[in-house]
Amino acid sequence: MTATGEPKQLPHLVFGGELTRLDGTEFRDLSKLDIVGVYPNYASAHAAWKGKAQQTVDNAHMRYFIVHLHRLLDPDAA
């Protein structure tokens, strides 16, 4: 909780794209990344990730990721 009683912000980024290899994380074309959005907590980010991942299940090279932005913004708090 913050000083105002609000839940602490824990922003998460959901994005994805087509990978060059199934066993890597290099994207085929960075200009075609799908930026799904930034979400206030892991639960909502996971729901968005799951929805996008299910939409692209037929393309084995398409992958979506969740980035814990709050860990990048405040690494000492992690």
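Values in this document were obtained by computation on a predicted structure and should not be read as measured data.

(A) Focus on the side chain of His12. Tracing the backbone shows His12 in strand E1 (residues 12-18). In this structure His12 comes out as buried when scored by relative accessible area, which is 2%. Apart from residues no more than four positions distant in its own chain, His12 is found in contact with Gly37, Val38, Tyr39, Asn41, Tyr42, Ala45, Ile66, Val67, His68, Leu69 and His70.

(B) Inspection of the environment of Gln55 at higher detail. Mapped onto the elements, Gln55 comes out in helix H1 (residues 42-55). Classification of Gln55 by relative accessible area gives exposed; the value is 60%. For the pair Gln55 and Phe27, spaced 28 residues apart in the sequence, the C-alpha separation amounts to 18 Å.

Rules of the game
- Residues numbered from 1 in each chain as written.
- Predicted model: local features only at pLDDT ≥ 70, side-chain atom pairs only at ≥ 80, totals over all residues.
- Heavy atoms only, no water.
- Helix = DSSP H or I, 4+ residues; strand = E, 2+ residues; numbered from the N terminus.
- Buried < 20%, exposed > 50% of the residue type's maximum accessible area, 1.4 Å probe, protein only.
- Contact = heavy atoms within 4.5 Å.

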